[in-house]
Amino acid sequence: MFIIPVGDRINWKRPPVVTLLLVLVNCFIFFFVQGADEKHDQIAMKYYFSSDLPDWELPRYASYLENGVDTEKSRLFNKLLGEKRK
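In this text the structure is predicted, and so the values were computed from the model without any measurement. (Residues numbered from 1 in each chain as written. Predicted model: local features only at pLDDT ≥ 70, side-chain atom pairs only at ≥ 80, totals over all residues. Heavy atoms only, no water.)

Q: What exactly am I supposed to notice about the pattern of salt bridges here?
A: For side chains of opposite charge, pairing can occur when their charged atoms come near one another. Following the criterion strictly, the structure yields one salt bridge and no others. Measuring nitrogen to oxygen at the nearest pair gives 2.6 Å for the salt bridge that ties Arg75 to Glu72. Here the residue Arg75 and the residue Glu72 both occupy positions in helix H4 (residues 71–85), the gap between them amounting to three residues, near one helical turn. Relative accessible area serves as the criterion here: at 47%, Arg75 is assigned to the partly exposed category. (Salt bridge = Lys/Arg side-chain N within 4 Å of Asp/Glu carboxyl O. Helix = DSSP H or I, 4+ residues; strand = E, 2+ residues; numbered from the N terminus. Buried < 20%, exposed > 50% of the residue type's maximum accessible area, 1.4 Å probe, protein only.)

Below, the structure written as structure tokens:
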């Protein structure tokens with residue numbers, strides 16, 4: 001059985017150093033390391049659409065959606081695909 005000491009107060013004479021360090025490391029990674037993810041996503045999308053991959057993948061994905069049961073997604077995707085080709 002896993003027991004969590006919910007009722008215990010933090011003893012600041014002997015603080016939970018490892019727990020506080022893990023919280024600080026996670027905050028650093030979340031705010032600073034992942035902060036540039038949007039820029040990297042834009043670079044990846046630019047590379048993807050400049051390659052031949054969309055010409056191979058997008059029609060096949062459209063046929064996959066047409067053969068599936070989700071007709072709303074298929075209709076929306078075909079509308080977006082038609083706008084891209086204009």
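Q: Please explain a nonpolar patch on the surface as it appears in this structure.
A: A surface patch of nonpolar side chains, about 840 Å² in accessible area, is lined by Leu21, Val25, Phe28, Ile29, Phe30, Phe31, Phe32 and Val33. Of note, Ile29 is situated in helix H1 (residues 17–33). Among the residues examined, Ile29 registers a relative accessible area of 37% and is labelled partly exposed. (Patch = residues over 30% accessible without salt bridge, like charges linked within 9 Å, V, L, I, M, F, W, Y side chains within 5 Å. Areas by Shrake-Rupley, 256 points an atom, 1.4 Å probe, with all protein chains shown as cover.)

Scope: geometric values only; no functional claims are made or implied.
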